[in-house]
Amino acid sequence: MGLVEGFAWGVAGGLFAELLGWFKLRHQSPDDLPIQMKTIHYWVVTFGLILAGGVLVVAYLRSDVKVNAIMALNIGASAPLILSSLVSQSPHVAPGRID
């Protein structure tokens, strides 16, 4: 699988994950939708997480991990979980001065 194809599968996986969230809201009237869905911030973050799915698949491919289409979809769909796991494992740095 090439990088462009992997990116596309990862983006598709991220989109499927977001669609699942929207699918759960399908019976609500537009007035009852969560207020954050009506903000630009929500849509920017949503779009960013969808793209992150593609970027993570590219990172796997660049690391010489053999990825097929279903794995790329899975990686793309789980991008928010993968990213939150990476962030939670970063070392704590005490605040201080930068010289």
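Residues numbered from 1 in each chain as written. Predicted model: local features only at pLDDT ≥ 70, side-chain atom pairs only at ≥ 80, totals over all residues. Heavy atoms only, no water.

Undergrad: Help me understand helix α3 (residues 69–77), please; the structure alone is not making it clear to me.
TA: For an α-helix the count is 3.6 residues per turn, leaving residues at separations of three or four pointing the same way. For α3, the complete set of buried residues consists of A72, L73, I75 and G76. In an axial view of α3, the angular spread of the buried residues amounts to 165°, which keeps them on one side of the axis. Turned more than 90 degrees away from the buried face of α3 sit I70 and N74, all of them exposed. The backbone nitrogen of I70 has a side-chain oxygen 3.3 Å away, supplied by the residue at the start of α3, namely N68. (Buried < 20%, exposed > 50% of the residue type's maximum accessible area, 1.4 Å probe, protein only. Helix = DSSP H or I, 4+ residues; strand = E, 2+ residues; numbered from the N terminus. Arc of directions from axis to C-beta. Polar contact = N/O pair within 3.5 Å; in protein donor to acceptor, adjacent residues only side chain to side chain.)

Undergrad: Is there a simple way to think about the packing of aromatic side chains in this case?
TA: The geometry of an aromatic ring pair is captured by the separation of the ring centres together with the interplanar angle, meaning the angle of the planes. Taken as a whole and judged by the stated rule, the model has one aromatic pair. On the numbers, 4.9 Å between centres and 90° between planes, the contact of Y42 with W43 is edge-to-face. (Phe/Tyr/Trp six-rings, centres within 6.5 Å; stacked < 30°, edge-to-face > 60°.)

Undergrad: It is not clear to me how the confidence of the model for the protein chain should be interpreted in this structure. Could you clarify?
TA: Fine structural detail should not be taken from predicted coordinates in areas where pLDDT scores are low. Put simply, the protein chain has an average pLDDT of 85, and 94% of its residues get 70 or more. At the level of individual helices and strands, the protein chain shows its lowest average pLDDT in helix α4 (residues 79–88), which scores 76, and its highest in α3, which scores 93. (pLDDT = per-residue confidence, 0-100.)

Undergrad: Please clarify how the side chain of E18 should be interpreted in this entry.
TA: With respect to the helices, strands and loops of the structure, E18 is situated in helix α1 (residues 3–23). Given the relative accessible area of 17%, E18 is considered buried. Discounting residues that sit within four places of it in the chain, E18 has contacts with Y42, T46 and I50. (Contact = heavy atoms within 4.5 Å.)

Undergrad: Looking at this structure, how should I read the environment of A79?
TA: Of note, A79 is situated in helix α4. Overall, A79 belongs to the buried group, its relative accessible area being 0%. A sequence separation of 21 residues divides A79 from V58, and the C-alpha atoms of the two residues are 12 Å apart.

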